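# A closer look at the structure
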Amino acid sequence: MAAVATEALRVPRSGGHGRARPREERLSVLRFAWPAAALLTLTVVWSLYLLAFGFSKGADSTDPEYGKYWYTMLAINLVVLFPGITLANFRLASTRCRVCTAQLAEAGAVAPAHEMQHHWTFLGILLTGTLSVLGGFAIAIGGDAAWHQSALRDTSITPIHTFSFYGFAPLSFLALVTSYVYARTRLPGLWGPSRGVSVAFALLVGGALFGMVNFTFNEFGHSMWIFEELFTYPMHWPFVLFGLPNLAIFAIAVTSLLRVATLVSAERGTLTEPVGAAR
Amino acid sequence: MTIADPSVDLPAIRGDEPREWPWNIAIALVLLFGGVGLMVAAFSLLAGDWNFWTDWKDSVFWPLISAATALFPLAAVQYIGWRLFRVPAATLLALAFMIVWLASQPLGFQGLTKYPANFTWPATVIPLAILLDVVLVHSRGNWIVTALVGGFAFGALFYVANYYLIAPFLQPVVTEGKYLTVANLQGFELHRSATPEYLRQVSVGGLHTFAGQLAAITWLFTGAVCMLSYGFGALIGRWFGVWPIDRFLKRT
């Protein structure tokens, strides 16, 4: 398990059981849930837009109105949403937490309560990544199968694809990249540069990336060879292959959980060694 | 002592102090949706149309393909849940998966294209996942026994578990002088782009000469395939969910 200085974690117990934490130490639901809430809001908006304009304005890609209703949404995704998240990631990567920096300078270690705040935020970002992966596939089940088996396809940028291939797929990749950047910069003890590149994150982010790339192969195959949309065609099997690394989220979440358990033990004054340490 | 040791103390997930329970919920949400994402991807792209349309739900390929492809994600998450938390997680995943599928499917099938819900209902894997968890717990975490007994039961009982769902659509109908099932009639009335192709595929094969033995043979074969599927799923769970813990590619 992560080599951490347990001496710095021997926090004297300042309060009894049941005494409320100071405000800055409390686990805020908003802090955890706001990225996932934003994603769910986007999901609802996209779903309602699909239901409203999917067939009425999206059945014929050569129709001038198709551009107005669907290429606009594509442009919003490609020009506003994804570059915005990418820029936020650059900002995240180039900055460090000021509180952590101050605590390191003052005491040589980050306070357990503050580190737990970072773990709390990290789990919220991770949840957003998993929800966006799930959202992509859920839209694909409900919408794509029905769409292609009834309306066939006359373009790769169908209404469903606008929100699935060019919406959730890049979102899931960006969300998982954000989780890695956050972990690397705000939780350096577990995932910082000194430890190298985490295999679990490489699997998770790599799976999302290759899954996104596989959409191009999929569309090429449908355009050139198989116009129909049987979901069970072997051409779709690489999506399953690139979905398997999604399981690496268990490895990442458990690593964070064990660190939190160590911090909790430190706060209680019962810590003897990092929880889950290999002997 | 490593994380996989059952005696490793994880006070944060015991929840014995009120202020620690948020971590339990946060972790549970992350892991649950992560597992459901894989299950949705695997099941919709491997079983796919067998789970979308009633007329695809025949007595041979439906149980065979659906059971084998549903089992390996369940096995993977069950393995990870047992190794890391001593929780038989297959039932939890199956339940979450069914909720997500039934919540997302109406958007496309009913919302966009107006296919009726009694034509696009999915198969259930919940009772089979319960069985899988029971075998794991009673075997005290023996993976071989779970694969052989639990995996076999999962496959062999798939059709039995879903029979009450498919039975109304197997009722005979005579239309235009032809003897059909209700599911067949639904398929002819509700057009899809690839419908004739599947009917050609499923109508080929010497198994149809075995008449009444067809179901039993299929169930046995499905059970055997599912034993392998369970093993594959457990391996996937180990390689992707457990092995990467605390492993790093290189120092940068």
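Our structure's up above, just so we're on the same page.
As a convention, each chain's residues are numbered from 1 in the sequence order in which they are written. Chain labels run from A onward and ligand labels from 1 onward, assigned in the order the entries are written. Selection of residues for local features in this predicted model requires a pLDDT of at least 70, selection of side-chain atom pairs for listing and counting requires 80 or more, and totals for whole chains, interfaces and linings are taken over all residues.

## Regarding the overall build of chain B
Runs of H or I in DSSP of at least four residues are treated as helices and runs of E of at least two as strands, each being numbered from the N terminus. Along chain B, the regular secondary structure elements total 12 helices and 2 strands. Counting helices and strands in the order they occur from the N terminus, chain B gives α-α-α-α-α-α-α-α-α-β-β-α-α-α. By the convention adopted here, residues make contact when the C-beta atoms placed from their backbones lie within 7 Å. Here the contacts in chain B between residues at least 6 apart in sequence split such that 69% fall between residues at least 24 apart.

## Topic: the overall build of chain A
Within chain A, the regular secondary structure consists of 9 helices and 0 strands. Shown N-terminal to C-terminal, the secondary structure of chain A runs as helices and strands in the order α-α-α-α-α-α-α-α-α. Going through the 279 residues of chain A one by one, you find that 47% of them count as buried. Pairs at least 24 residues apart make up 82% of the contacts formed inside chain A by residues separated by at least 6 positions. Exposure classification rests on a simple neighbour count of other C-beta atoms within 10 Å of a residue's own: a residue reaching 20 or more is buried, one at 12 or fewer is exposed, and one in between is partly exposed. C-beta atoms are placed from the backbone.

## Regarding the interface of chain A and chain B
Chain A puts 70 residues into the contact, and the matching count from chain B is 66 residues. Among the secondary structure elements, those contributing two or more residues to the side of chain A that touches chain B are helix H1 (29-53), helix H4 (112-151), helix H7 (199-224), helix H8 (237-243) and helix H9 (248-268) of chain A. Ranked by the residues each element gives to the side of chain A that touches chain B, the list is headed by H4(A), at 19 residues.

## Some thoughts on helix H7 (residues 143-156) of chain B
All names here are of chain B. Relative to the 20 Å expected for 14 residues at 1.5 Å per residue, H7 spans 19 Å between its end C-alpha atoms, a close match to the ideal helical length. Within H7, 10 of the 14 residues are buried, which leaves the element mostly enclosed by the surrounding structure. Trp143, Thr146, Ala147, Val149, Gly150, Gly151, Phe152, Phe154, Gly155 and Ala156 are the residues of H7 that are buried. On its buried face, H7 sits against helix H4 (61-85), helix H6 (126-138), helix H8 (158-161) and helix H12 (214-242). Any helix carries an expected span of 1.5 Å times its number of residues minus one.

## Topic: the pairing of strand E2 (residues 178-181) of chain B
All names here are of chain B. In this description, strands pair whenever DSSP reports at least two bridges between them. Bridging between strand E1 (residues 172-175) and E2 involves 4 bridges; their strand directions are antiparallel. Bridged to valine 174 within E2 is tyrosine 179. Joining the antiparallel neighbours E1 and E2 is a turn of 2 residues, in which glutamate 176 adopts a positive phi near 50°.

## Brief notes about the packing of H4(B) against H12(B)
All names here are of chain B. Only the stretch in contact is used when a helix axis is fitted, and all axes are lines through C-alpha atoms; the angle between N-to-C directions ranges over 0 to 180 degrees. One can describe the packing of H4 onto H12 by two numbers: an axis separation of 7 Å at closest approach and a directional angle of 35°. Relative to H12, the crossing made by H4 is right-handed. Residues belonging to the contact of H4 with H12 are distributed by class as follows: 23 nonpolar, 6 polar and 2 charged. Crossing handedness follows the turn of the near helix against the far one: under a right angle anticlockwise gives a left-handed crossing, and clockwise gives a right-handed one. Lys, Arg, Asp and Glu make up the charged group, whereas Ala, Val, Leu, Ile, Met, Phe, Trp, Tyr, Cys and Pro make up the nonpolar group; the residues left over, Gly among them, are polar.

## Quick notes on the nonpolar core
Ranked by size, the top nonpolar core spans 142 residues in total, and within it Val30(B) and Val40(B) carry the most contacts. For this core, the element with the most residues is H4(A), which contributes 19 residues. Non-local contacts of Val30(B), meaning those with residues more than four positions away in its chain, are made with Leu123(A), Leu126(A), Leu127(A), Thr130(A), Ile249(A) and Ala253(A). The term nonpolar core refers to a set of buried Ala, Val, Leu, Ile, Met, Phe, Trp, Tyr and Cys residues connected through C-beta atoms within 7 Å.

## Regarding the packing of H6(B) against H7(B)
When two helices pack together, their arrangement is given by the angle between their axes and by how far apart the axes lie. Residue and element names in this part refer to chain B. Running from N to C, H6 and H7 cross one another at 160°; their axes reach a closest spacing of 9 Å. Relative to H7, the element H6 lies roughly antiparallel. Both H6 and H7 take part in a crossing whose hand is right-handed. Residues Leu128, Leu131, Leu132, Val135 and Leu136 of H6 form the contact with H7, whose own contacting residues are Val145, Thr146, Val149, Gly150, Ala153 and Phe154. The residue inventory of the contact of H6 with H7, partitioned by class, reads 9 nonpolar, 2 polar and no charged. Should an angle fall under 35 degrees it is called roughly parallel, over 145 degrees roughly antiparallel, and 65 to 115 degrees roughly perpendicular, with every other angle called oblique.

Purely geometric numbers; function is a separate question.
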